[in-house]
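Spelled out, the chains give:
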Amino acid sequence: MKKIISAAIAGIVVLSSAFAKPDKGKEDSMYRLNPLPYQYSALEPVLDAQTLMYHHDKHQAAYVNNLNAALQKEPNFNHKPALVDLISDLDAVPESIREAVRNNGGGVFNHEFYWNGLTPNKPEIPKILSEALCQSFGSVENFKSQMAAAAVGVFGSGWAWLCLDPSTGKLKIVKTRNQDTPMNCSCQCAKGLIPIFCIDVWEHAYYLQYKNLRAKYLENIWDIVDWEKICRRYCSALKDKSILM
Ligand code: MN3
C-alpha cells in the first residue's frame, strides 16, 4: 500500500511504504537499513548474490550507520524525519555535518531507489512509458544507449538518472557525482527534475563480478529493469511531482 510520508521542498512528495525512515522507539532520529526487496541471488546472472550482499549489507549499511553517527553529533538539530526531505534541504543541516549528511544520506536514498527499480520478473515496458521514452529520445533503444553512455561517462564514482522534467513533461538523463541526487546536485542541469530510475556506477556496484568492465554491466542491466515500477514512478512524477520509491 502506498502512502504519502513526506512533503519535500519544491512541491516534491515521496510515496512509499518501505523507505528509510527514523526508527521509532529507541532513537527517534535513527535511520534504518531496509532489506533488499528480493533475495540476494534474485538478479543473477546479471548481478550475482555476492555483489548484492556486499553492496547492500556492507556498503549501504555503512551509509546508514555513518548518517546516524553524523546526526548524533548534532543532537540539537531537529532534522526532518523523511530522508528525502533531509537530503533535499542541505542548507538546513548544520555545517559541521552537512557534508556527511550529503554523502551518507544520499547514499541511503540512492541505493533504495536503485534496488526498487530492479526486479527479476522481466516485465514488458508499459505502453505509456515506451511512448514517453520515444517522445523524449526517439526510441526505447536510443534511450538505453544514451543512458548507458551517460553511465559509462561518469568519471569516478556516481550515478546516471532518468528524470522527468515537470516544466516540459519530457524525460531527461542526468549524471550525479558521488552520492549526490537530482534533488541536491549542485549541477544546474538536474534542478527541479524528478528521478524515476537510476543506475549505480560506483565500482562496488559491479566490480566483484565485472571487474573493470563497466560497459558490460550496463549492457546487461536492462534485463533486470523493473519497467512497471519505472512507469509508476513516471506517472506519479507527472501527476503531482511525487517521487515514488
Ligand atoms: Mn552503490
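The structure this text deals with has already been given above.
Every value quoted in this text rests on a predicted model; they were computed, and no experiment measured them.

1. Comments concerning the side chain of Ser88
Move 1: Along the chain, Ser88 turns up in helix H2 (residues 83-88).
Move 2: A polar contact is formed between the side chain of Ser88 and the backbone oxygen of Val84, at a distance of 2.6 Å.

2. Some remarks on the pairing of strand S4 (residues 170-177)
Move 1: Sheet analysis places strand S3 (residues 158-165) next to S4, joined by 8 bridges and oriented antiparallel. Looking at the pairing, Trp159 lines up with Thr176 of S4.

3. A word on the nonpolar core
Move 1: Grouped together as the largest cluster of nonpolar side chains are 72 residues, with contacts concentrated most on Leu47, Phe109, Tyr114, Leu162 and Tyr217.
Move 2: With 7 residues, helix H3 (residues 95-116) is the single largest residue contributor to this core.

4. A few points about the packing of aromatic side chains
Move 1: Counted by the stated rule, this structure contains 14 aromatic pairs.
Move 2: Residues Phe113 and Trp161 carry aromatic rings whose centres are separated by 6.0 Å and whose planes lie at 35° to one another, so their mutual orientation is tilted. With Phe113 in helix H3 and Trp161 in strand S3, this residue pair connects regions lying 48 residues apart in the sequence.
Move 3: Both rings, one in Tyr114 and one in Trp159, keep their centres 5.8 Å apart while their planes meet at 85°; by these two values the pair is edge-to-face. Of the two residues, Tyr114 sits in helix H3 while Trp159 sits in strand S3, which places them 45 residues apart along the sequence.
Move 4: Taken together, the ring pairs in this structure connect Phe109, Phe113, Tyr114, Trp115, Trp159 and Trp161 into an aromatic cluster.
Move 5: Across the ring face of Phe113, the terminal group of Arg233 is positioned such that the distance to the ring centre comes to 3.6 Å.

5. Here's the deal with unusual backbone geometry
Move 1: Put simply, Glu44 and Pro45 share a cis peptide bond, and its omega is 5°.
Move 2: With respect to the secondary-structure elements, Pro45 resides in the loop between strand S2 (13-15) and helix H1 (49-72).
Move 3: Even without glycine at this site, Asn178 takes up a positive phi of about 50°.
Move 4: With respect to the helices, strands and loops of the structure, Asn178 is situated in the loop between S4 and strand S5 (194-200).
Move 5: Classification of Asn178 as partly exposed rests on a relative accessible area of 41%.

6. Here we look at the sheet that holds S4
Move 1: The sheet built from 3 strands is open, its strands ordered S4-S3-S5 with antiparallel pairing. Because the sheet does not close on itself, it has two edges, and the strands there are S4 and S5. Each strand of the sheet is rotated relative to its neighbour by a mean of 25°, with strand direction disregarded.
Move 2: Relative to the sheet, H3 contacts S3 and S5, its axis offset from that of S5 by approximately 90°.
Move 3: Its contacts with the sheet put helix H8 (residues 227-240) on S3, S4 and S5, and the angle it makes with S5 is roughly 150°.

Conventions and cut-offs
Residues numbered from 1 in each chain as written. Predicted model: local features only at pLDDT ≥ 70, side-chain atom pairs only at ≥ 80, totals over all residues. Heavy atoms only, no water. Helix = DSSP H or I, 4+ residues; strand = E, 2+ residues; numbered from the N terminus. Polar contact = N/O pair within 3.5 Å; in protein donor to acceptor, adjacent residues only side chain to side chain. Pairing = 2+ DSSP bridges. Core = buried A, V, L, I, M, F, W, Y, C linked by side-chain atoms within 4.5 Å. Buried < 20%, exposed > 50% of the residue type's maximum accessible area, 1.4 Å probe, protein only. Phe/Tyr/Trp six-rings, centres within 6.5 Å; stacked < 30°, edge-to-face > 60°. Lys NZ or Arg CZ within 6 Å of the ring centre and 35° of its normal. Axes fitted to C-alpha atoms, helices over the stretch in contact; angles between N-to-C directions. Contact = heavy atoms within 4.5 Å.

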